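Chain residues, written in single-letter form:
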Amino acid sequence: MSTRPLFSVVSVPRLFLLVACVFIYAIAFQGARGLYSPDEGRYTNVALGMLDSGDWLHPHLHPEVEHWSKPPLTYWAIAASVATFGRTEFAARLPGALAFSVTILLLGRLGRRFVPLQPWLPALVYASFVFPSLAANLVTTDSLLAMWEAMQVAAFVDLWHAADARAARRARWWLGLAAGLAFLTKGPPGLLALAACFLFAYWSEGRPGLRRAFAWDAFALLLVVGGSWYVVVALQEPGVMRYFLVEEVVNRVASDKMRRNPEWYGAFKVYLPTLLLGSLPWLPWIMREGWRARRGGITRVRGDEGLRLLACWLLLPLLVFGLSRSRLPLYVLPLFAPLAILAARALAPLDTTRPWLRVALGLWFVLLLAARLVPAHLNVAADDRLLAKGIAQQLDPLPDEVAFVASAPRFGLRFYLHASIERLRLPRQDAVPQSEAIEEELGEPEGCRLLMVAPEQRVALESELARHAIVGWRLRDVAGYALLAQIGDDCSWSPPKSPTSP
């Protein structure tokens, strides 16, 4: 049986067909299910706020509440997609899906160096991994970040093997641009791949390797692309830089303030199952390649340039994530790119003429696509589309504002109800970030306001409304929330549909 590459010389029509298939696979069924809280709702809410206000520099959860936890590139991408393709779940998820497809193509490019016999194999492995495919169906920063990090490594590989000064300059600029965009997507974590490349350069050639990898023009491009927004908002909002450094860097790394698996064993609890299960169906081949590297020891890694770069790309970020005390599964999404190359090295040469292999891969891709489609037919508690439907059935017109009282807000409701979302706290309740005191908000003219509260807090909320002489109608509970429609002079509800007596 032949084990020659699937294609030796790719014609333009065939290349176009392959790229089209990758993009179709990445975007298929992206609009099937509703937005899930908290992440999808929050990212989409901030992006819609930029569209509605025209302010693309200052992220807001609510017109009165700024939100600085992430740089703006993901919000910009979502907002641009919604502005172009309409207010649909497909448009909200399109940036992540396109990033997934570009990452697949970048793995094909890297395959020319790492798996020259079958350069397409890393792309196939990455496309069929469970975790990257599922992550591409989420509205978050992580698929975009994985793309920029893979792009950094692809640019570095081109730089390291540049044939002439012109090719080296082009690779340096590509590297600086990718690093800048990664920094504009998620801040310091976006530079972990770049740090791994410099570690490889030093490991390979010492200080001359660092001089070979570093260039002032690429560094300047990184600063301009990645740092300009930070400089602008820091000049406009003096406290923002302190927030970035203290809350988003120091507290995530050195404290348990974020309450995201900070235990000493948290890294094993979160990252080990993510990497193992997320690498299916190719996990056995990754483990086999790792076992080979272990048997050869550090000598084998030193003697294999490709394996040396993969080790830096995989282990340095993993070490940083392990030491950090804020840990979530999506943090390690960019590491599936080097894992895909490791699996491809173990698989090659893969005999693609075997009918059973083609059938098995086809069925596997069907299952991955079904994972995007099936949740649309399930009653998922986090589905903001279902919650919005339950609200819309009781109110006409729809509310201008939805206020969550003493409970975490469901920001995805803005996408469906075209209403601003706010978080309020009851008297004597401890202040929580990005919340407002209810006594300060109830008297403000907000149009038709819907108040949502946990059923056990409904009586306390009604007492607060009565204390301020505000009329509120009870509505039917929806998805575990008690609903009260606040009736004011600037609201046309009179009364809402299907009210029940207080």
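Scroll up for the structure.
First things first, this report covers the structure right here in the doc. (Residues numbered from 1 in each chain as written. Predicted model: local features only at pLDDT ≥ 70, side-chain atom pairs only at ≥ 80, totals over all residues. Heavy atoms only, no water.)

Thoughts on the packing of aromatic side chains
Part 1 of the reasoning: In the structure shown here, the tally under the stated rule is 25 aromatic pairs.
Part 2 of the reasoning: Pairing F156 with W160 gives two aromatic rings, centres 5.5 Å apart and planes at 25 degrees, and the pair type is stacked. In this pair, F156 and W160 both sit in helix α7 (residues 142–160), four residues apart, roughly one turn of the helix. As far as the burial class goes, F156 and W160 line up, both buried.
Part 3 of the reasoning: With centroids separated by 5.4 Å and ring planes inclined at 85 degrees, the aromatic side chains of W264 and Y265 adopt a geometry described as edge-to-face.
Part 4 of the reasoning: Accessibility expressed as a relative area gives 73% for W264, which makes it exposed.
Part 5 of the reasoning: By relative accessible area, which is 36% here, Y265 ends up partly exposed.
Part 6 of the reasoning: Aromatic rings pair up to connect W68, F183, W229, Y230, Y243 and F244 into one cluster.
Part 7 of the reasoning: Sitting over the ring of F415, R87 keeps its end group 6.0 Å from the ring centre.
Part 8 of the reasoning: Over the face of the ring belonging to W160 we find R212, whose NZ or CZ atom lies 3.7 Å from the ring centre. (Phe/Tyr/Trp six-rings, centres within 6.5 Å; stacked < 30°, edge-to-face > 60°. Helix = DSSP H or I, 4+ residues; strand = E, 2+ residues; numbered from the N terminus. Buried < 20%, exposed > 50% of the residue type's maximum accessible area, 1.4 Å probe, protein only. Lys NZ or Arg CZ within 6 Å of the ring centre and 35° of its normal.)

A look at the environment of T44
Part 1 of the reasoning: Following the sequence through the fold, T44 ends up in helix α2 (residues 39–53).
Part 2 of the reasoning: For T44, a relative accessible area of 1% translates into the label buried.
Part 3 of the reasoning: T44 has contacts with L35, A92, V139 and F415, leaving out every residue within four places of it along the chain. (Contact = heavy atoms within 4.5 Å.)

So, the nonpolar core
Part 1 of the reasoning: Ranked by size, the top nonpolar core spans 88 residues in total, and within it Y126, F129 and F336 carry the most contacts.
Part 2 of the reasoning: For this core, the element with the highest residue contribution is α7, accounting for twelve residues.
Part 3 of the reasoning: Ignoring sequence-local partners within four residues, the contact set of F336 consists of Y126, F129, F131, P132, T274, L275, G278 and S279.
Part 4 of the reasoning: Counting residues in hydrophobic clusters, the runner-up holds 38 residues, among them L48, L61, A79 and F404. (Core = buried A, V, L, I, M, F, W, Y, C linked by side-chain atoms within 4.5 Å.)

Quick word on a nonpolar patch on the surface
Part 1 of the reasoning: A contiguous nonpolar surface patch, about 380 Å² in accessible area, is contributed by M241, L245, V249, V250 and V253.
Part 2 of the reasoning: Structurally, V249 is set in helix α12 (residues 240–254). (Patch = residues over 30% accessible without salt bridge, like charges linked within 9 Å, V, L, I, M, F, W, Y side chains within 5 Å. Areas by Shrake-Rupley, 256 points an atom, 1.4 Å probe, with all protein chains shown as cover. Salt bridge = Lys/Arg side-chain N within 4 Å of Asp/Glu carboxyl O.)

Structural notes on helix α5 (residues 121–128)
Part 1 of the reasoning: Judged by how many residues are buried, α5 sits mostly within the fold: seven of eight residues are covered.
Part 2 of the reasoning: Those residues of α5 that fall on the buried side of the exposure criterion are L121, P122, A123, V125, Y126, A127 and S128.
Part 3 of the reasoning: Those residues of α5 that are buried are in contact with α1 (12–27), α4 (89–114), α6 (130–135), α7, α16 (336–347) and α17 (355–373).

Quick word on the sheet that holds strand β5 (residues 436–437)
For sheets, the rule is that strands pair by backbone hydrogen bonds, running either parallel or antiparallel.
Part 1 of the reasoning: With mixed pairing, the six strands of this open sheet are ordered in space as β5-β4-β3-β6-β8-β7. Only two strands of the sheet have a single neighbouring strand rather than two, namely β5 and β7 (471–474).
Part 2 of the reasoning: Taken strand by strand, helix α21 (residues 458–467) contacts β3 (401–405), β6 (449–453), β7 and β8 (482–487), and its axis lies near 10 degrees from that of β8. (Pairing = 2+ DSSP bridges. Axes fitted to C-alpha atoms, helices over the stretch in contact; angles between N-to-C directions.)

Quick word on the packing of helix α8 (residues 165–186) against helix α11 (residues 216–236)
Part 1 of the reasoning: Between α8 and α11, whose axes approach to 7 Å, the crossing angle comes to 20 degrees. Between α8 and α11, the interaxial angle falls into the category roughly parallel. Seen from above, α8 lies across α11 with right-handed handedness. Along the contact surface, α8 presents R169, R172, W173, G176, L177, A179, G180, L181, F183 and L184, while α11 presents D217, A218, L221, L222, V225, G226, W229 and Y230.
Part 2 of the reasoning: Taken together, the residues that form the contact of α8 with α11 break down as twelve nonpolar, three polar and three charged. (Parallel < 35°, antiparallel > 145°, perpendicular 65-115°, else oblique. Left-handed = near helix turned anticlockwise from the far one by under 90°. Nonpolar A, V, L, I, M, F, W, Y, C, P; charged D, E, K, R; others polar.)

Quick notes on the packing of α11 against α12
Part 1 of the reasoning: For the pair α11 and α12, interaxial distance at closest approach is 8 Å and the crossing angle is 120 degrees. Taken together, the axes of α11 and α12 lie oblique to each other. Every residue of α12 that contacts α11 at W229, Y230, V233 and A234 is listed here: V240, M241 and F244.
Part 2 of the reasoning: Considering only residue class, the contact of α11 with α12 consists of seven nonpolar, no polar and no charged.

Quick look at the side chain of S279
Part 1 of the reasoning: For S279, the location among the structural elements is in the loop between α13 (266–278) and α14 (283–303).
Part 2 of the reasoning: Look past the residues within four positions of S279 in its chain and what remains in contact with it is F129, T274, I286, F336 and L339.

Some words on the state of the cysteines
Part 1 of the reasoning: Counted by the stated rule, this structure contains zero disulfides.
Part 2 of the reasoning: Distance from the sulfur of C197, which forms no disulfide, to the nearest cysteine sulfur (C312) is 8.6 Å.
Part 3 of the reasoning: On the basis of relative accessible area, C197 is assigned to the buried category, the value being 1%. (Disulfide = S-S within 2.5 Å.)

Structural notes on the pairing of β6
Part 1 of the reasoning: Burial runs high along β6: five of the five residues are buried.
Part 2 of the reasoning: Here β3 runs beside β6; their pairing, made up of five bridges, is parallel. In the sheet register, E401 faces β6, and the bridge partner there is R449.
Part 3 of the reasoning: Relative to β8, β6 runs antiparallel, the two sharing five bridges. Counterpart to L450 in the pairing with β8 is A485.

What about the pattern of salt bridges?
Part 1 of the reasoning: Applying the stated criterion across every chain, the model contains 16 salt bridges.
Part 2 of the reasoning: One salt bridge in this structure joins R410 and D384, with 2.7 Å as the shortest N-O distance. Taken together, the positions of R410 in the loop between β3 and α19 (413–417) and D384 in helix α18 (residues 384–392) put the pair 26 residues apart, joining distant regions of the chain.

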